[in-house]
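Fold and geometry: a report
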Amino acid sequence: MIDIKRCSRCRREKLLTEFDKNISSRDGRSCWCKKCMKEYYLEHSEEIKKNNKKWRENREGKRNICISSNNKKRSKTSKEFIKKSKDFIELRRVMGIGV
Ligand SMILES: [Zn+2]
């Protein structure tokens, strides 16, 4: 098994352990080494924060649309349903039953 991978950013060959795990990648590791990832985050931290905020706002917006498209009675019922199932999961967890 090959445990060396070339970082597509710095072009250096490094041990697989130098790469973060990434389930969406074919070999299960991200294509950039940890060092490059860190550098990227530091260089683009403001941008990433902005994007995360945008993504959250997008998601909130979508959720609001979803609720407003339902009638009030229905959204109340589904909220209660979610609360009940959360309680149920919590109960099972407390009782030691696997969910
Ligand atoms: Zn690298």
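Residues numbered from 1 in each chain as written. Predicted model: local features only at pLDDT ≥ 70, side-chain atom pairs only at ≥ 80, totals over all residues.

Looking at the overall build of the protein
How we decide: Strands are runs of DSSP state E lasting at least 2 residues, helices are runs of H or I lasting at least 4, and numbering of each runs from the N terminus.
When its secondary structure is counted, the protein shows 2 helices and 4 strands. Ordered by position from the N terminus, the helices and strands of the protein form the series β-β-β-β-α-α.

Things to note about unusual backbone geometry
Rules: Put plainly, a residue is buried at 20 or more neighbouring C-beta atoms within 10 Å of its own, exposed at 12 or fewer, and partly exposed in between, counting only other residues' C-beta atoms, which are placed from the backbone.
The phi angle at Arg11 is positive, at roughly 65°, despite the residue not being glycine. Inspection of the secondary structure puts Arg11 in the loop between β1 (4–6) and β2 (13–15). Residue class for Arg11 comes out exposed when judged on the 8 C-beta atoms lying within 10 Å of it.

Considerations on the confidence of the model for the protein
Note the following rule: You can read pLDDT as the predictor saying how much it trusts each residue, on a scale of 0 to 100.
Scored by pLDDT, the protein comes out at a mean of 83, with 81% of its residues at no less than 70. When mean pLDDT is taken per element in the protein, β2 scores highest with 96 and helix α2 (residues 72–95) scores lowest with 73.

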